[in-house]
Amino acid sequence: MNADARPLPEFPVWPQFGDEERTGLARALEQGQWWRMGGSEVDTFDREFADHHGAAQSLAVTNGTHALELALQVLGVGVGTEVIVPAFTFISSSQAAQRLGAVAVPVDVTPDTYCIDLAAVEAAITPRTRAIMPVHMAGHFADMDGLAKLSEASGVPLLQDAAHAHGAEWRGRRVGELASLAAFSFQNGKLMTAGEGGAVVFPEGEKYAEMYQEAFLRHSCGRPRTDRRYLHGTSGSNFRMNEFSAAVLRAQLSRLASQIDTRELRAPLLSGLLAEIPGVVPQARDERVTRDPHYMMMFRIPGIDEFKRNELVDKLMERGLPAFAAFRAIYRSQGFWETAAPELTVDELAARCPNTEAIYKDCIWLHHRTLLGTEGQMHEIAEIVADTLAAA
Ligand SMILES: *Cc1c(COP(=O)(O)O)cnc(C)c1O
């Protein structure tokens, strides 16, 4: 069949919005106060977002990168400390640590889940390690049980980079119930969004309640909530979310669960279909993941080179698929080396991260809006991938 004659698939758009966002925006507007100290949208969103994730508290901030930075800071990360991050992630994971003057130490991911590798983390711990950052890649989890044990044994806290993991569950436990801080992003492409935005969630416990208090101060220029005398007890910056964003996010949160239900139906179907295509290996899901929000549909084409992979992505896009090349290994970007980086060369890091080296060249991802499409469209996607790959 002539591919050109075939209409491009029409997947649902992203972001999605409706009357909930419209009323929310009007509500925020009519409050007459548009910052969190004067209005109630951010406070209410914090309550709702914490409850949704089984957390004691949530603190909305300007974006996900700031959420990571703030969480790391309250964990004691700063100059002279190290943070272990996966080498395969979006660069914010390491940038957040580096902005605090800490050394970001990239370690390898597993070849199947693309999440941080437990043994690699263990090998990278030094007396300076102050935090371990598992990134829930595309909504999947690393071995969270193994990481929790390692954290307890080593005394190094975990910080979940949950930028892809709104609504995710590990063995029935939500992100806020995993006994560590978690940072979320609400950037335009994320699973719920206000264009930009982020949040740190804090689990139950006195220790975490204190961290929340510190984070609140630091995210508001070190100023207590009720201060009228410019008493800046701690240092900080302005990471406050505005009222409009929170109003939109409350509407987005109300839709999250049903969207995950749809993706939890479509993703296994599509993954199964992709797995039947010779040469294609979809991202694997640890069987202890009980709810996967599916931020991306990721798959590898082991053995393909980076150039061919990029060409393939272009061809998939021409056929109407929102397809993208995977993240680069973080140590293969100039920016990584501009600030605190390990005393190792790129080649030395690459030798330590063989899975990352392969994945960043052979992996492709599809936007999650495809997974809100019809069952028929999952077959269509698999056909396009199969045809395009066969033609290449
Ligand atoms: C999007 C993202 C972030 C950062 O979020 P922003 O809101 O864009 O600052 C952090 N980590 C990962 C893995 C991300 O994908």
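Rules and cut-offs
- Residues numbered from 1 in each chain as written.
- Predicted model: local features only at pLDDT ≥ 70, side-chain atom pairs only at ≥ 80, totals over all residues.
- Heavy atoms only, no water.
- Salt bridge = Lys/Arg side-chain N within 4 Å of Asp/Glu carboxyl O.
- Domains from an automatic or database assignment.
- Contact = heavy atoms within 4.5 Å.
- Buried area = accessible area lost by both parts, 1.4 Å probe.
- Polar contact = N/O pair within 3.5 Å; in protein donor to acceptor, adjacent residues only side chain to side chain.
- Helix = DSSP H or I, 4+ residues; strand = E, 2+ residues; numbered from the N terminus.
- Expected span 1.5 Å × (residues − 1).
- Buried < 20%, exposed > 50% of the residue type's maximum accessible area, 1.4 Å probe, protein only.
- Arc of directions from axis to C-beta.
- Near = heavy atom within 4 Å.
- Areas by Shrake-Rupley, 256 points an atom, 1.4 Å probe, with all protein chains shown as cover.
- Phe/Tyr/Trp six-rings, centres within 6.5 Å; stacked < 30°, edge-to-face > 60°.
- Pairing = 2+ DSSP bridges.

K.L.:
Would you mind going over the pattern of salt bridges in detail, with residue names and values included?
P.N.:
Counted by the stated rule, this structure contains 26 salt bridges. Overlapping salt bridges bring together Asp143, Asp145, Arg171, Asp286 and Arg288 as one network.

K.L.:
Run through the domain arrangement of the protein, naming residues and quoting values.
P.N.:
For the protein, the assigned domains read domain 1 (19-250) and domain 2 (256-391). The straight-line distance from the C-alpha centre of domain 1 to that of domain 2 is 24 Å. Residue-level contacts link 44 residues of domain 1 with 45 residues of domain 2. When domain 1 packs against domain 2, close to 3600 Å² is buried across both sides, 63% of that on carbon and sulfur atoms. It is Phe88, Tyr114 and Leu191 that lose the most area in domain 1 upon contact with domain 2, and together they represent 19% of the buried surface on that side. Our count for the domain 1 to domain 2 interface comes out at 21 residue pairs in polar contact (both at pLDDT 80 or more). Taken together, the elements giving at least two residues each to the side of domain 1 that touches domain 2 come down to strand 2 (82-86), helix 4 (92-99), strand 3 (103-107) and strand 6 (169-170).

K.L.:
An account of helix 7 (residues 206-219) is needed here, citing residue identities and associated values.
P.N.:
A rise of 1.5 Å per residue sets the reference length of helix 7, with its 14 residues, at 20 Å; its end C-alpha atoms lie 20 Å apart and thus fit the reference within 8%. Of all the residues in helix 7, the buried ones are Tyr208, Met211, Tyr212, Ala215, Phe216, Arg218 and His219. Taken around the axis of helix 7, the buried residues stretch over an arc of 165°, which confines them to a single face. Of the exposed residues in helix 7, the ones pointing more than 90 degrees away from its buried face are Glu206 and Glu210. Those residues of helix 7 that are buried lie in contact with strand 1 (57-61), helix 3 (64-74), strand 8 (181-185) and strand 9 (198-202). Following helix 7 by one or two positions, Cys221 has its phi on the positive side, about 60°.

K.L.:
Can you lay out the site of the ligand for me, pointing to particular residues and giving the numbers?
P.N.:
Around the ligand, 15 residues are found, and the nearest of them are Gly64, Thr65, His164, Ser185 and Lys190. In the environment of the ligand, an oxygen atom lies 2.5 Å from a nitrogen or oxygen atom belonging to the side chain of Thr65. Within the contact set of the ligand, an oxygen atom lies 2.6 Å away from a side-chain nitrogen or oxygen of His164. For the ligand, whose unbound accessible area comes to 390 Å², protein coverage reaches 92%. A total of three residues in the shell around the ligand trace back to one element, the largest contributor, which is helix 3.

K.L.:
Please provide a residue-by-residue account of unusual backbone geometry, values included.
P.N.:
For the bond from Trp14 to Pro15, the omega torsion is 0°, close enough to zero to count as cis. Along the chain, the position of Pro15 falls in the segment before helix 1 (19-31). One non-glycine residue, Ala179, lies in positive phi territory at about 60°. Position of Ala179 among the secondary structure elements: in the loop between strand 7 (173-174) and strand 8. Given a relative accessible area of 52%, Ala179 falls into the exposed group. The backbone of His294 sits at a positive phi, close to 60°, despite the residue not being glycine. Inspection of the secondary structure assignment puts His294 in the loop between strand 11 (289-291) and strand 12 (296-300). Look at His294 and you get buried, because its relative accessible area is 6%.

K.L.:
Run through the packing of aromatic side chains, naming residues and quoting values.
P.N.:
Per the stated rule, a full pass over the model turns up 13 aromatic pairs. On the basis of an interplanar angle of 45° and a centroid distance of 6.3 Å, the ring pair of Tyr212 and Phe216 is categorised as tilted. Of the two residues, Tyr212 and Phe216 both sit in helix 7, four residues apart, roughly one turn of that helix. The exposure classification of Tyr212 matches that of Phe216, with both residues buried. A ring pair is formed by Phe336 and Trp337, whose centres lie 5.1 Å apart and whose planes are at 85°; its orientation type is edge-to-face. For Phe336, a relative accessible area of 1% corresponds to the buried category. Put simply, the rings of Phe45, Phe49, Phe184 and Phe186 touch in pairs and so form one group of aromatic residues.

K.L.:
An account of the pairing of strand 12 is needed here, citing residue identities and associated values.
P.N.:
Judged by how many residues are buried, strand 12 sits mostly within the fold: five of five residues are covered. Side chains Met296, Met298 and Arg300 of strand 12 all project onto a buried face; the interleaved residues Met297 and Phe299 project onto the opposite face, where all are buried too. One ladder, built from two bridges, connects strand 10 (residues 281-282) with strand 12; its direction is antiparallel. Note that in strand 12 the partner of Val281 across the bridge is Arg300.

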